[in-house]
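Here is what each chain is made of, one letter per residue.
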Amino acid sequence: MLEHDVIIVGGGLAGCRAAVEIARTDPNLKVAVVAKTHPIRSHSVAAQGGMASSLQNVDPEDSWKAHAFDTVKGSDYLADQDAVEILTREAPGVIIDLEHMGVLFSRLPDGRIAQRAFGGHSHRRTCYAADKTGHAILHELVNNLRRYGVHTYQEWYVKRLILEEGQAKGVVMYRMTDGELAVVRAKAVMFATGGYGRVYNTTSNDYASTGDGLAMTALAGLPLEDMEFVQFHPTGLYPVGVLISEAVRGEGAYLINSDGERFMARYAPSRMELAPRDITSRAISLEIRAGRGIHPDGSAGGPFAYLDLRHMGREKIMSKIPFAWEEAHRLLGIDAVNQPMPVRPTVHYSMGGIPTNISGQVRSGAGGLVEGFFAAGEAACVSVHGANRLGSNSLLECVVYGKVTGATIAQYVQNRKLPTVDEKRYIQEAEEQIQALLERPGQYRINEVRQKFQDTMTEYCGVFRSAELMQTGLQKLEELQKQYQEVFLDDKGKSWNTELVEALELRNLLVVGQMILTAALNRKESRGAHAREDFTDRDDVNFLKHTLAYYSPAGIDLDYMPVAITMFEPQERKY
Ligand SMILES: Cc1cc2nc3c(=O)[nH]c(=O)nc-3n(C[C@H](O)[C@H](O)[C@H](O)COP(=O)(O)OP(=O)(O)OC[C@H]3O[C@@H](n4cnc5c(N)ncnc54)[C@H](O)[C@@H]3O)c2cc1C
């Protein structure tokens, strides 16, 4: 059996930052990172616009408290304010630390780190490396894994969390190159498995963002928090859904409708294009609904709006946001210096996730903690984003809470023995499950069921929701779950059986989708990214609380948990 003091699932920013912190705190600990991709191909590498921090390099009047207030207001007051305080207080320190590791941030003429405007932030505080920030940071962190002797398991697919008597003991994993199964036992298990964008048919996320960590946690009987809050990014490139970073609006681009009007004046007059994402995504959707969207031939009534950069000029576009220009050119043949880009909302980020306390330890419910189990990054919900995340706060969360969780784990394992695990039993169960999938005489193909599932989630639990829509969505999901029991795999082999991995991922997507729909149906209010047409107002009396959803094959049970309000009393949210 494989053994480590700590096993971290996920090689993105959160997992790598935690590994570095553990190795720095106690170089004697045996730490390993597992990823189903190469760590450098984790979705973090695709992050573009930047990472928020009140460094005060551009706006001297900025402060951690202003950053905290913007974050809490952006969250529609659902964020836990004790967690937001840590996030924003630690932000300047973690940026400097990354800089010392070698991250090449963009500079001001005097050599200090540059900072740009971002949606929902009242000051220019987003640090960036042109529009390839995730790339710059992840490469340095992965280099540092080597420097600190962290072991990496690349292209291993983790398929199960070993949880016994309320204690995490390790994971079961599958080597994609040759089908080998292995059990890893560890004194602490950490999940940093990223988001679930692939639950929807149009997303900015990579193919690996299938919510595996969330589903494994739920299938082990633990709750997931606030799953109803799904972030739609306003500017996905139409029709592919690929992200055009908010940095483009941060640098001054306009959103216009078929009348050539900057319509954000109607929805967020004080912030215009730099309103938070939930508000901007709804605005674009409403313009399209009202017939002021645009067709590919330029006529009115179509399915997208324009993101217009033309007034910004070639030099600024090519130096500040070259990647956005490149994406539109490569995918659609558009030269954004002279032509507007077609955009519409695309699924982008998961505000909810595996509930943790402010030290990164996973919660077993509203009152308790799980021994040996930790989570951070997009997969986790320490709740710094509440009902709506502000742009450039996610990279920050990964780095701050990666660090915090790493420090917690390094202490936690000091007094802990390696747990006993029945390796044979877990391997046998995994073999049986895989064999059953391979031998199924089914009539459906993975692609077909996945596409229907993604279309269902998009249609019945999208930007705007209602009880009627979501109930229909849940019925359709039940049908799809039955179809999943009848999927047929062509590939029966062991070497690079990507079809088998997709089948395992699809099961996870179905679990996550059911959690999102159920939690959303029961939140009878509109807050942040959760916009109900049958309950259009925020309802603090009944719903200023976090949802906890527990999975079981018979259905999903819901519980609720209070919000930590330590600094700012909830107010009406206006921009
Ligand atoms: C296109 C795009 C641009 C973005 N731009 C910004 C930005 O400018 N600023 C910002 O703050 N945020 C941005 N975000 C959001 C931010 O990048 C992500 O939320 C963040 O990087 C997530 O990091 P993570 O470490 O939690 O997970 P990820 O980077 O997604 O990594 C997940 C890891 O888990 C592994 N994994 C998952 N499941 C398994 C499994 N079953 N077995 C083994 N390994 C597994 C994967 O292989 C991967 O290594 C952007 C997101 C996207 C999609």
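The shown structure was predicted, so the numbers you read here are calculated from the model rather than taken from an experiment.

Colleague: What's the story with the overall build of the protein chain in this structure? I'm lost.
Modeller: When helices and strands are tallied, the protein chain shows 16 helices and 22 strands. Taking 2.2 N^0.38 as the reference for a compact globule, 575 residues should give roughly 25 Å; the C-alpha atoms of the protein chain span a radius of gyration of 23 Å, in line with that estimate. With respect to the three principal axes, the spread of C-alpha positions in the protein chain is 65 × 55 × 50 Å. Here the protein chain, with 575 residues, has 62% of them falling under the buried criterion. If you take every contact in the protein chain between residues at least 6 apart in sequence, the share linking residues at least 24 apart comes to 74%. For the protein chain, the exposed area adds up to about 20,600 Å²; of that, 48% sits on carbon and sulfur atoms.

Colleague: For this particular structure, what's the right way to read the pairing of strand S14 (residues 341-350)?
Modeller: For S14, a buried count of 9 out of 10 residues is recorded, marking the element as mostly surrounded by other parts of the structure. With 6 bridges connecting them, strand S11 (residues 230-237) and S14 associate as antiparallel partners. Paired with Gly236 across the bridge in S14 is Arg344. As paired elements, strand S13 (residues 305-308) and S14 share 3 bridges and run antiparallel to each other. Bridge assignment links Tyr306 to a residue of S14, and that residue is Pro342.

Colleague: What exactly am I supposed to notice about the site of the ligand here?
Modeller: Near the ligand lie 38 residues; those nearest to it are Ser42, His43, Ser44, Glu378 and Ser394. Between an oxygen atom of the ligand and a side-chain N or O atom of Ser44, the distance comes to 2.5 Å. In the model, an oxygen atom of the ligand is placed 2.7 Å from a nitrogen or oxygen of the Leu395 main chain. Contact with the protein chains removes 98% of the 1,000 Å² of surface that the ligand exposes when unbound. Residue composition of the shell around the ligand, by class: 15 nonpolar, 19 polar and 4 charged.

Colleague: I'm lost on the packing of helix H1 (residues 13-25) against helix H4 (residues 133-147) in this one. Help?
Modeller: Packed helices, taken two at a time, are described by the angle their axes make and the gap between the axes. For the pair H1 and H4, interaxial distance at closest approach is 9 Å and the crossing angle is 40 degrees. In the packing of H1 onto H4, the handedness of the crossing is left-handed. Residues Leu13, Cys16, Arg17, Ala19 and Val20 of H1 touch H4, and the partners they reach there are Ile137, Leu138, Leu141, Val142, Asn144 and Leu145. Taken together, the residues that form the contact of H1 with H4 break down as 9 nonpolar, 1 polar and 1 charged.

Colleague: Honestly, the environment of Ser53 in this entry has me stumped. Any pointers?
Modeller: Summarising the element assignment, Ser53 is placed in the loop between strand S3 (51-52) and helix H2 (64-74). Ser53 sits in the buried class, given a relative accessible area of 0%. Residues Ser53 and Val404, spaced 351 residues apart in sequence, show a C-alpha to C-alpha distance of 17 Å.

Colleague: Can you walk me through the sheet that holds strand S12 (residues 254-256) in this structure?
Modeller: As a general point, the strands of a sheet are linked pairwise by backbone hydrogen bonds and lie either parallel or antiparallel. Within the open sheet, the 4 strands sit side by side as S11-S14-S13-S12. Their pairing is antiparallel. With partners counted over all chains shown, the strands left at the sheet margins are S11 and S12, one partner each. Ignoring which end each strand starts from, the neighbouring axes of this sheet average 45 degrees apart. With respect to the sheet, helix H10 (residues 322-332) is in contact with S11 and S14, its orientation differing from that of S11 by roughly 70 degrees.

Colleague: Can you help me understand unusual backbone geometry in this one?
Modeller: For residues besides glycine, phi is generally negative; the peptide bonds are generally trans as well. Residue Tyr238 is joined to Pro239 through a cis peptide bond whose omega torsion reads 0 degrees. As for its placement among the helices and strands, Pro239 is situated in the loop between S11 and helix H6 (247-250). The phi dihedral of Gln56 falls on the positive side, at around 65 degrees, and the residue is not glycine. Relative to the assigned elements, Gln56 resides in the loop between S3 and H2. With phi around 45 degrees, Glu165 is a residue other than glycine that occupies positive phi space.

Colleague: Hey, could you run me through the pattern of salt bridges in this one?
Modeller: Taken as a whole, this structure holds 44 salt bridges when the rule is applied. Salt-bridge contacts for Glu246 lead to Arg249; the nearest nitrogen and oxygen are separated by 3.9 Å. Glu246 gets classed as buried once you look at its relative accessible area, which sits at 1%. If you follow the salt bridges from partner to partner, you end up with Asp76, Asp226, Glu228, Asp278, Arg282, Arg523, Glu525, Arg527, Arg538, Asp540 and Arg573 in one network.

Colleague: Please clarify how helix H12 (residues 423-439) should be interpreted in this entry.
Modeller: Given 3.6 residues per helical turn, the α-helix brings residues three or four places apart onto the same face. Between its first and last C-alpha atoms H12 spans 24 Å; for 17 residues at 1.5 Å apiece the expected length is 24 Å, and the two agree. Restricting attention to buried positions, one finds in H12 the residues Tyr426, Ile427, Ala430, Ile434, Leu437 and Leu438. Looking straight down H12, one finds that the buried residues subtend no more than 105 degrees of arc, so they occupy a single side. Away from its buried face by more than 90 degrees, H12 exposes Lys424 and Glu439. Here the buried face of H12 lies against strand S7 (156-164), strand S8 (167-175), strand S9 (181-191), helix H14 (467-484) and helix H15 (498-522).

Colleague: Mind showing me how you'd approach the sheet that holds strand S4 (residues 115-116) here?
Modeller: Taken in spatial order, the 3 strands of this open sheet run S3-S5-S4, and their pairing is antiparallel. The sheet is open, and its two borders are formed by S3 and S4, each paired with just one other strand. Where S4 and strand S5 (residues 126-127) come together, 2 bridges link them in antiparallel fashion. Bridging across to S5, Gln115 finds its partner in Cys127.

Colleague: Sorry, what's going on with the packing of helix H13 (residues 446-460) against H14 here?
Modeller: In the contact formed by H13 and H14, the axes pass within 9 Å of each other and the chain directions differ by 170 degrees. In terms of their interaxial angle, H13 and H14 are classed as roughly antiparallel. When H13 is examined against H14, the residues Val449, Lys452, Phe453, Thr456, Met457, Glu459 and Tyr460 are found in contact with a partner set consisting of Leu469, Met470, Thr472, Gly473, Lys476, Leu477, Leu480 and Gln483. Partitioning the contact of H13 with H14 into residue classes produces 8 nonpolar, 4 polar and 3 charged.

Colleague: What is the right way to look at the nonpolar core in this model?
Modeller: For soluble globular proteins, nonpolar side chains are generally found buried alongside one another. Grouped together as the largest cluster of nonpolar side chains are 82 residues, with contacts concentrated most on Ile7, Phe191, Val199, Tyr200, Phe373, Met457 and Ile516. Looking at this core, the element that brings in the most residues is H15, giving 14 residues. When near neighbours in sequence (up to four residues on either side) are disregarded, Phe191 contacts Val9, Leu161, Val171, Gly213, Met216, Thr217, Ile354, Phe373, Phe374, Ala375 and Ala376. By size, the runner-up hydrophobic cluster in this structure holds 59 residues, among which are Ala23, Ala91, Ile137 and Val142.

Conventions and cut-offs
- Residues numbered from 1 in each chain as written.
- Predicted model: local features only at pLDDT ≥ 70, side-chain atom pairs only at ≥ 80, totals over all residues.
- Heavy atoms only, no water.
- Helix = DSSP H or I, 4+ residues; strand = E, 2+ residues; numbered from the N terminus.
- Rg over C-alpha atoms; globule rule 2.2 N^0.38 Å.
- Buried < 20%, exposed > 50% of the residue type's maximum accessible area, 1.4 Å probe, protein only.
- Contact = heavy atoms within 4.5 Å.
- Areas by Shrake-Rupley, 256 points an atom, 1.4 Å probe, with all protein chains shown as cover.
- Pairing = 2+ DSSP bridges.
- Near = heavy atom within 4 Å.
- Polar contact = N/O pair within 3.5 Å; in protein donor to acceptor, adjacent residues only side chain to side chain.
- Nonpolar A, V, L, I, M, F, W, Y, C, P; charged D, E, K, R; others polar.
- Axes fitted to C-alpha atoms, helices over the stretch in contact; angles between N-to-C directions.
- Left-handed = near helix turned anticlockwise from the far one by under 90°.
- Salt bridge = Lys/Arg side-chain N within 4 Å of Asp/Glu carboxyl O.
- Expected span 1.5 Å × (residues − 1).
- Arc of directions from axis to C-beta.
- Parallel < 35°, antiparallel > 145°, perpendicular 65-115°, else oblique.
- Core = buried A, V, L, I, M, F, W, Y, C linked by side-chain atoms within 4.5 Å.

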